[in-house]
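Residue strings, one per chain:
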Amino acid sequence: QVQLVESGGGLVQPGGSLRLSCAASGNIFGVYTMYWHRQAPGKQRELVAAITSDGTTNYADSVKGRFTISRDNAKNAVYLQMNGLKPEDTAIYYCNADIITATLDKGAYWGRGTQVTVSS
């Protein structure tokens, strides 16, 4: 069984920073592309950032220059450094990853999400 667990969300003032973390655990053979998505109230879930196993990154236009995705392959972990936060960044942030299990099954696994609220 594979689990992804996020941490690091919270309440922050506009212009502030937060760092989200997510670690995958369980019967894992390999972790490939890792992602951060977010879903704001009343809106569809959207891709925020992605990072491949060799470190290639991709960002939504709305967060370019403010957010940085990184990973630690030894820990099967992915991070999202969020700077210059805006009220419109308020959402539940979800980590997900393309994982091959120890039984060589490939699938997309999701965490339960962590709330980020940007408000004065």
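Residues numbered from 1 in each chain as written. Predicted model: local features only at pLDDT ≥ 70, side-chain atom pairs only at ≥ 80, totals over all residues. Heavy atoms only, no water.

Trainee: How should a nonpolar patch on the surface be read in this particular structure?
Mentor: Where nonpolar side chains cluster on the molecular surface, the patch consists of Phe29, Tyr32 and Leu104 and spans about 340 Å² of accessible area. Within the secondary structure, Leu104 is located in the loop between strand E9 (91-101) and strand E10 (106-110). (Patch = residues over 30% accessible without salt bridge, like charges linked within 9 Å, V, L, I, M, F, W, Y side chains within 5 Å. Areas by Shrake-Rupley, 256 points an atom, 1.4 Å probe, with all protein chains shown as cover. Salt bridge = Lys/Arg side-chain N within 4 Å of Asp/Glu carboxyl O. Helix = DSSP H or I, 4+ residues; strand = E, 2+ residues; numbered from the N terminus.)

Trainee: Where do I start with the environment of Lys64 in this structure?
Mentor: Its place among the elements puts Lys64 in the loop between strand E6 (57-59) and strand E7 (67-72). Within polar-contact distance, the side chain of Lys64 engages the side chain of Asp61 at 3.2 Å. (Polar contact = N/O pair within 3.5 Å; in protein donor to acceptor, adjacent residues only side chain to side chain.)

Trainee: Where do I start with the nonpolar core in this structure?
Mentor: Where a protein is soluble and globular, its nonpolar side chains tend to be buried together. Trp36, Leu80, Met82 and Tyr93 are the most contacted members of the largest nonpolar core, which has 30 residues in total. Contributions of two or more residues to this core are made by strand E1 (2-7), strand E3 (18-26), strand E4 (28-39), strand E5 (46-51), E7, strand E8 (77-82), E9 and strand E11 (114-118). The contact partners of Met82, leaving out residues within four places of it in the chain, are Gly16, Ser17, Leu18, Leu20, Arg66, Phe67, Tyr93 and Val116. (Core = buried A, V, L, I, M, F, W, Y, C linked by side-chain atoms within 4.5 Å. Buried < 20%, exposed > 50% of the residue type's maximum accessible area, 1.4 Å probe, protein only. Contact = heavy atoms within 4.5 Å.)

Trainee: Explain the pattern of salt bridges here, please?
Mentor: Between side chains of opposite charge, a pair can form as their charged atoms come close. Taken as a whole, this structure holds four salt bridges when the rule is applied. Across the pair Lys64 and Asp61 runs a salt bridge, and its minimum N-O distance is 3.2 Å. One salt bridge connects Asp89 with Arg66, and the closest N-O pair in it is separated by 2.8 Å. Taken together, the positions of Asp89 in the loop between E8 and E9 and Arg66 in the loop between E6 and E7 put the pair 23 residues apart, joining distant regions of the chain.

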